[in-house]
Amino acid sequence: MSGVVMSPSALSVILAKVRELFPAASLSGVQMVLTLSTLASLTAILLSGKIIYYMTKKNMVLTALLMMSMGGLFALSFHEQLSTLYIAAIVIGLGQGIVMTLSTALIADYFENGERSSLMGKQSGILSIGGTMILLCAGWLSSINWYYVYFVYLITIPVLLVVYFLLPKGEKAKKADVAAIKIFNPTLLYYCLLIFFFSVCQYTYSTNVALLLKHTGLGTQALTGVATACFSTASFVSGMMMGRIYKRLKTYTITVGLASIAGGLLLCSWAPSLLVVFLGGAMVGMGVGASIPTGIIASASSVPPAGSTIAIALFTASSSFGLFCSPIIVNNVTALTGSTTESA
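**Focus on the overall build of the chain**
Then, number 1: Looking only at helices and strands, the chain has 13 helices and zero strands in total.
Then, number 2: The C-alpha extent of the chain, read off along each of the three principal axes, is 55 × 45 × 30 Å.
Then, number 3: In the chain, which comprises 344 residues, the share counted as buried stands at 56%.
Then, number 4: Long-range contacts, defined as pairs at least 24 residues apart, comprise 83% of the intrachain contacts of the chain with a sequence gap of at least 6.
Then, number 5: In the form shown here, the chain has an accessible surface area of approximately 14,800 Å², with 71% of it arising from carbon and sulfur atoms.
Then, number 6: Treating the 17 positive side-chain charges of the chain as one cloud and the 8 negative ones as another, the clouds have centres 6 Å apart.

Rendered as structure tokens:
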């Protein structure tokens, strides 16, 4: 289930083609094909904290997976207008937001302490390797026809069947469980703000790698999928090693992750070859793979156990809002410096 969370990033491979097909659209307008899903995801994440009182988590996940598949089918059928791609991104993002929150919340529900930390890291790894496979498929599909990339969302159908038959039914959350809990506190607020700025930085790679390769002439649309897969693979490796990484770095894990992302983006901005772009993407992925699980665990631990789902939802919502704001902030900053996002 965690593996499909990265599926919206598959759209990063077609951004250069979308800009070519819709020349009247601004750069931010083209990037909205990808980033609108993060805004919709943010909405779904915030609503999921309320929906859990009316639906079981299993039914919420099933509905979300169905929405993702329907969004992909919609884009495959109606891809002639930029507006229809926006609609598809919103539907996909709504499903993604619910899956993203609940795949983590289910671990917090059923496991505790060291086992929870270990599974959070493994979840991050599965998420990344799933993203790698999806991105490689996306690069191959888009090389046949750009809008074929939306076929990757059909992967949610077998996942839906697995969830239907294997995930325990569970129960609706009870309002009494969280009524007396103080959710908002300085620690949670700190991690929400931190993940916002973290997401602004790390999403710069996904939203611009296709444009960078086309601008510099370093690679094709299919190679964009490979470049993004380098990010996901490195994220998988660091996620699987999170237990050992956190044991050594402890509270500095996120700081080191940010440094890795900054170094990776600098490499990409100065890249003389495709190999350096791959290396930069891997550095960004390593930072993400180790830092995100650390932040999730810290957020869930900052509140009483009954409030962990809402705390994780707030943390994840802050991340999604950062992803949505990333191209807006980055494009304006690069404009102020007199540069362009493709070459910055």
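After that view of the structure, there is still more to cover.
**Here's the deal with the packing of helix α3 (residues 57–77) against helix α6 (residues 156–166)**
Two numbers describe a pair of packed helices, the interaxial angle and the distance between the axes.
Then, number 1: Relative to each other, α3 and α6 sit at 165 degrees, their axes nearing to 9 Å. As summarised for this structure, α3 and α6 are arranged roughly antiparallel, according to the angle between their axes. Here α3 and α6 pass one another in a crossing that is left-handed. Mapping the contact onto sequence places K58, V61, L62, L65, L66, M68 and S69 in α3 and T156, I157, V159, L160, V163 and Y164 in α6.
Then, number 2: When grouped by side-chain class, the residues that make up the contact of α3 with α6 number 10 nonpolar, two polar and one charged.

**Examining the state of the cysteines**
Then, number 1: Overall, the coordinates contain zero disulfides when judged by the stated rule.
Then, number 2: C201 takes part in no disulfide bond, and the closest cysteine sulfur, belonging to C325, lies 12 Å away.
Then, number 3: Accessibility expressed as a relative area gives 34% for C201, which makes it partly exposed.
Then, number 4: With no disulfide partner, C230 has as its closest neighbouring cysteine sulfur the one in C268, 10.0 Å distant.
Then, number 5: By relative accessible area, which is 21% here, C230 ends up partly exposed.

**Some details on the packing of aromatic side chains**
The way to describe two aromatic rings as a pair is by their centre distance and the angle between their planes.
Then, number 1: Scanning the model with the defined rule gives 10 aromatic pairs in all.
Then, number 2: Where Y150 meets Y153, the ring centres are 6.1 Å apart and the plane angle is 35 degrees; that geometry is what we call tilted. When sorted by exposure, Y150 lands in the same class as Y153, which is buried.
Then, number 3: Look at Y205 and F231: their rings are 6.1 Å apart centre to centre, the planes differ by 20 degrees, and that puts the pair in the stacked class. Remark: F231 occurs in helix α9 (residues 221–240) and Y205 occurs in helix α8 (residues 186–216); sequence separation between them is 26 residues.
Then, number 4: Among the aromatic residues, ring-to-ring pairing joins W146, Y147, Y148 and F151 into one connected group.
Then, number 5: Just above the ring of Y164 sits the side chain of K58; from NZ or CZ to the centre is 5.5 Å.

**Notes on the pattern of salt bridges**
Then, number 1: Under the criterion given, the structure shown has two salt bridges.
Then, number 2: Note that E20 is salt-bridged to K17, the shortest N-O span being 3.4 Å. Remark: K17 and E20 occur in helix α1 (residues 15–21); sequence separation between them is three residues, near one turn of the helix.
Then, number 3: Assessed through its relative accessible area of 45%, E20 is described here as partly exposed.

**Notes on the environment of L323**
Then, number 1: Note on placement: L323 falls in helix α13 (residues 308–336).
Then, number 2: Once the C-alpha coordinates of L323 and L34 are considered, the two residues, 289 residues apart in sequence, prove to be 9.7 Å apart.
Then, number 3: Dropping the residues within four chain positions of it, L323 is found in contact with T35, T38, S199, Q202 and Y203.

**Re the side chain of S299**
Then, number 1: As for its placement among the helices and strands, S299 is situated in helix α12 (residues 274–301).
Then, number 2: A relative accessible area of 0% places S299 in the buried class.
Then, number 3: S299 has contacts with L188, Y191, A311 and F315, leaving out every residue within four places of it along the chain.

Rules used throughout
Residues numbered from 1 in each chain as written. Predicted model: local features only at pLDDT ≥ 70, side-chain atom pairs only at ≥ 80, totals over all residues. Heavy atoms only, no water. Helix = DSSP H or I, 4+ residues; strand = E, 2+ residues; numbered from the N terminus. Buried < 20%, exposed > 50% of the residue type's maximum accessible area, 1.4 Å probe, protein only. Contact = heavy atoms within 4.5 Å. Areas by Shrake-Rupley, 256 points an atom, 1.4 Å probe, with all protein chains shown as cover. Lys, Arg positive; Asp, Glu negative; His and termini not counted. Charge placed at Lys NZ, Arg CZ, Asp CG, Glu CD. Axes fitted to C-alpha atoms, helices over the stretch in contact; angles between N-to-C directions. Parallel < 35°, antiparallel > 145°, perpendicular 65-115°, else oblique. Left-handed = near helix turned anticlockwise from the far one by under 90°. Nonpolar A, V, L, I, M, F, W, Y, C, P; charged D, E, K, R; others polar. Disulfide = S-S within 2.5 Å. Phe/Tyr/Trp six-rings, centres within 6.5 Å; stacked < 30°, edge-to-face > 60°. Lys NZ or Arg CZ within 6 Å of the ring centre and 35° of its normal. Salt bridge = Lys/Arg side-chain N within 4 Å of Asp/Glu carboxyl O.

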